[in-house]
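Coordinates in review
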Amino acid sequence: MKSTHKVKGLIERKLENHEYRKKFEAGYRAFELEVQILNALESKKWSYSDLARVMHTNKSNISRDLSAGGIHSASVGRIEKMAAALGFKFLAVFVPVSREKEVLPKIHKLLAA
């Protein structure tokens, strides 16, 4: 007989704490941004050095921004320059919290097409 009772995992229990959830979600958004940049680099078959050359900066700056959550300290302007160098447009979008669960999946679906 299967039990319908689901045991909560550690992360699920931690996410019940409002402050922990806020930090987790902020960190996850930065992680998603880093992954997008890394995927763009991979699709162009570029290294950090290639991106640095196009941006007229040092490889160490790119490495700092894309290593161990470094994107947290990158300015919006710097992220915009990375996006432009990779052939993308960085968009900062305000989404009403009340519509987040409705709007974000649609945005992700549009971008995946």
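One structure accompanies this document, and this report is about it. (Residues numbered from 1 in each chain as written. Predicted model: local features only at pLDDT ≥ 70, side-chain atom pairs only at ≥ 80, totals over all residues. Heavy atoms only, no water.)

Scanning the chain from terminus to terminus reveals six helices and zero strands. For the chain, the succession of helices and strands along the chain, N to C, is α-α-α-α-α-α. Relative to a compact globule of 113 residues, whose C-alpha radius of gyration would be 13 Å, the chain shows 18 Å and is clearly more extended. Its C-alpha atoms give the chain principal-axis dimensions of roughly 60 × 30 × 30 Å. Expressed as a percentage of the 113 residues in the chain, the buried residues total 21%. If you take every contact in the chain between residues at least 6 apart in sequence, the share linking residues at least 24 apart comes to 44%. (Helix = DSSP H or I, 4+ residues; strand = E, 2+ residues; numbered from the N terminus. Rg over C-alpha atoms; globule rule 2.2 N^0.38 Å. Buried < 20%, exposed > 50% of the residue type's maximum accessible area, 1.4 Å probe, protein only. Contact = heavy atoms within 4.5 Å.)

Moving on to the nonpolar core. Soluble globular proteins: nonpolar side chains tend toward being buried together. Counting 16 residues, the largest nonpolar core has I37, L51, L66 and I71 as its most contacted members. Among the elements of the structure, α2 (18-44), α3 (48-55) and α5 (76-85) are those that each provide at least two residues to this core. In terms of residue count, the dominant contributor to this core is α2 (five residues). In this view, L51 contacts L41, W46, I62, M82, A85 and L86; residues no more than four positions away in its chain are not counted. (Core = buried A, V, L, I, M, F, W, Y, C linked by side-chain atoms within 4.5 Å.)

The backbone phi angle of K45 is positive, close to 60°, even though this residue is not glycine. Here K45 shows up in the loop between α2 and α3. The class of K45 is exposed, set by a relative accessible area of 72%. The backbone of H56 sits at a positive phi, close to 60°, despite the residue not being glycine. Tracing the sequence through the fold places H56 in the loop between α3 and α4 (59-65).

With that settled, consider the environment of R99. Inspection of the secondary structure assignment puts R99 in the loop between α5 and α6 (100-112). Polar contacts involving the side chain of R99 include one to the side chain of E102, which spans 2.9 Å. (Polar contact = N/O pair within 3.5 Å; in protein donor to acceptor, adjacent residues only side chain to side chain.)

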